[in-house]
Amino acid sequence: MVMPSFEFEDKLNGLVVGIDEAGRGPWAGPVVAGAVVFLKKNIDNFLLDNLNDSKKLSIKKREILYDKIMQAKEKGDLLVGIGQASAEEIDNMNILQATFLAMQRAFGALECKPDFAIVDGNQKPKGLSCDCMTLVKGDALSYSVAAASVVAKVYRDKIMADLAKRYPYYGFEKNAGYGTKAHVVGLNEYGIIPGIHRISYKPIQEILCRRVA
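Rules used in this analysis
Residues numbered from 1 in each chain as written. Predicted model: local features only at pLDDT ≥ 70, side-chain atom pairs only at ≥ 80, totals over all residues. Heavy atoms only, no water. Helix = DSSP H or I, 4+ residues; strand = E, 2+ residues; numbered from the N terminus. Buried < 20%, exposed > 50% of the residue type's maximum accessible area, 1.4 Å probe, protein only. Phe/Tyr/Trp six-rings, centres within 6.5 Å; stacked < 30°, edge-to-face > 60°. Lys NZ or Arg CZ within 6 Å of the ring centre and 35° of its normal. Pairing = 2+ DSSP bridges.

Caption draft 1: Examining the overall build of the protein more closely. Assigned secondary structure in the protein consists of 9 helices and 5 strands. In the protein, the succession of α and β elements from N to C terminus is α-β-β-α-α-β-α-α-β-β-α-α-α-α. Principal-axis analysis of the C-alpha atoms gives the protein an extent of 60 × 35 × 30 Å. Here the protein, with 213 residues, has 50% of them falling under the buried criterion.

As structure tokens, this is what we get:
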């Protein structure tokens, strides 16, 4: 089984940041990016033993790792930056450009600027003030990217859980804005939430058209 390591970080000079996103596919909520720099590699064994692509981890495991990452940040072992782009920004510029914007914001939120970035996927975000490489399935190969993946996913899930308290008809606390049956039922009965639903997405446009008709 392939597991994350510092292999790619060790090949690069200086401070290396891993960047990943969460929330490109959902019909609602922001897209969120995480940026993580390991200042020390000899840190919490549980964190290193369990870090992986956030999609491969249980909710409980992700939340534990998120807390471990934030504790390491407080100790000065890690740098963590979080950025997001809103549903309105997604509609205005498309999801790819909004994802890049969230990554730029996560990068900009770091307490110091890295020398090199490893970005999950195969497309480089514009506007990073350092050299950058893309790494397909980077969240399963690089500790920095895996940590960024966990940060982005858990932070976004918390946003959607908070939205669920304000808008309890869509199941956001369970579906994180994805197009589940409960979400569709809520949309058909209560309509879209302005500024929260991504009206540029085809399923949302179809529901809007049906309600108008």
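Caption draft 2: Summary view of the packing of aromatic side chains. Applying the stated criterion to the full structure yields 5 aromatic pairs. Ring geometry for Phe6 against Phe38: centres 5.2 Å apart, planes inclined by 80 degrees, an arrangement best described as edge-to-face. On the criterion of sequence distance, the pair formed by Phe6 in the segment before helix 1 (7-10) and Phe38 in strand 2 (residues 31-38) is long-range, its members being 32 residues apart. There is no split in this pair, since Phe6 and Phe38 are both buried. Plain terms: the ring middles of Tyr170 and Phe172 are 5.4 Å apart, the flat faces sit at 15 degrees to each other, and that makes the pair stacked. Grouping residues by exposure puts Tyr170 and Phe172 together as buried. Members of the aromatic cluster, joined through ring pairs, are Phe6, Phe38 and Tyr143. Directly above the aromatic system of Phe6 lies the positively charged group of Lys41, at a separation of 5.3 Å from the ring centroid.

Caption draft 3: View of the pairing of strand 1 (residues 16-22). For strand 1, a buried count of 6 out of 7 residues is recorded, marking the element as mostly surrounded by other parts of the structure. The pairing of strand 1 with strand 4 (residues 116-120) spans 4 bridges and is parallel. Directly across from Val17, in strand 4, lies its bridge partner Ala117. Across 6 bridges, the pairing between strand 1 and strand 2 is antiparallel. Of the residues in strand 2, the one forming a bridge with Val17 is Val37.

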